[in-house]
Amino acid sequence: MKLIQLLVPIVATVEGLPALTPLTTKMVTNCTRYQTTWGDPFHVLNDLIAYYGACFQVQLNFHDFDAARELRAKLTAISSQQLNWDGRLDQQFWLGIWALYFGDWQAGNTLLDEIFALEARHQPRIDNTIFAIRRVRTQQARAYREEHT
């Protein structure tokens, strides 16, 4: 489950976006199995957030903007109280990127700025990937908004 998000672009490229539906069902089912009365001892909900982030990116890459827009509900259905620090930051990152496309542009950038201010406190940077994702997605979100408004 820790690496399932790596399968998302492969499955979508080979079998198409509809193939993500059964994969998502399996991922959610597996994550549910790990939930106990004491919570999420193995932090699989963090993995689910990462999985949704991978799905979001693939949906954007394939220009399935309706599905990408709907992903916000899945991201917010998981309470931040159920996540550890990594999961909360990941969730907020994807919600910020989502806002750049479909929500309040300024609120999305403010949220991303807060995450990046935290990341900038660590030297060397821990996660350079998020910087690249933000840069690319900001450009693409701007183009999407211009085309769809």
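Anyway, here's the lowdown on the structure attached to this text. (Residues numbered from 1 in each chain as written. Predicted model: local features only at pLDDT ≥ 70, side-chain atom pairs only at ≥ 80, totals over all residues. Heavy atoms only, no water.)

### Considerations on the overall build of the protein
Next, step 1: Scanning the protein from N- to C-terminus turns up seven helices and zero strands.
Next, step 2: Overall, the protein shows an N-to-C arrangement of helices and strands of α-α-α-α-α-α-α.
Next, step 3: Its C-alpha atoms give the protein a radius of gyration of 15 Å, within 12% of the compact-globule value 15 Å for 149 residues.
Next, step 4: The dimensions of the protein, computed from C-alpha atoms along their principal axes, are 45 × 40 × 25 Å.
Next, step 5: Evaluated residue by residue, the protein yields a buried proportion of 42% over its 149 residues.
Next, step 6: For the protein, contacts bridging at least 24 residues in sequence account for 60% of all contacts bridging at least 6.
Next, step 7: With an accessible surface of roughly 8700 Å², the protein has 56% of that area assigned to carbon and sulfur atoms. (Helix = DSSP H or I, 4+ residues; strand = E, 2+ residues; numbered from the N terminus. Rg over C-alpha atoms; globule rule 2.2 N^0.38 Å. Buried < 20%, exposed > 50% of the residue type's maximum accessible area, 1.4 Å probe, protein only. Contact = heavy atoms within 4.5 Å. Areas by Shrake-Rupley, 256 points an atom, 1.4 Å probe, with all protein chains shown as cover.)

### Notes on the nonpolar core
Next, step 1: Within the largest apolar cluster, 44 residues are counted, with the highest numbers of intra-cluster contacts made by Tyr51, Phe56, Phe93 and Phe102.
Next, step 2: When residues of this core are traced back to their parent elements, those giving at least two are helix H1 (7–15), helix H2 (20–33), helix H3 (44–61), helix H4 (65–77), helix H5 (85–102), helix H6 (105–120) and helix H7 (129–148).
Next, step 3: If you tally residues by element for this core, the top one is H3, at eleven residues.
Next, step 4: In this structure Phe56 touches Ala68, Leu71, Trp94, Ile97, Trp98 and Phe102, once residues within four positions along its chain are discounted. (Core = buried A, V, L, I, M, F, W, Y, C linked by side-chain atoms within 4.5 Å.)

### Comments concerning the side chain of Asn109
Next, step 1: Secondary-structure assignment places Asn109 in helix H6.
Next, step 2: The class of Asn109 is buried, set by a relative accessible area of 13%.

### What about unusual backbone geometry?
Next, step 1: At His43, a position not held by glycine, the phi torsion is positive, near 55 degrees.
Next, step 2: Relative to the helices and strands, His43 is located in the loop between H2 and H3.
Next, step 3: Overall, His43 belongs to the partly exposed group, its relative accessible area being 34%.
Next, step 4: Non-glycine residue His63 carries a positive phi angle of around 60 degrees.
Next, step 5: Counting through the fold element by element, His63 comes out in the loop between H3 and H4.

### Considering the layout of surface pockets
Next, step 1: Size it by volume and the second largest pocket reaches roughly 220 Å³.
Next, step 2: Taken together, Leu17, Pro18, Leu20, Thr21, Thr24, Cys55, Gln59, Asp64, Ala67, Glu70, Leu71 and Lys74 make up the full set of residues lining the second largest pocket.
Next, step 3: When residues of the lining of the second largest pocket are traced back to their parent elements, those giving at least two are H2, H3 and H4.
Next, step 4: Among the elements that take part in the lining of the second largest pocket, H4 stands out by supplying four residues, more than any other. (1 Å grid on protein atoms, 1.4 Å probe; cavity = no way out; pocket = protein on both sides within 12 Å on 5 of 7 lines; lining within 4 Å. Points joined across faces, edges and corners; volume = space filled by probe spheres on them.)

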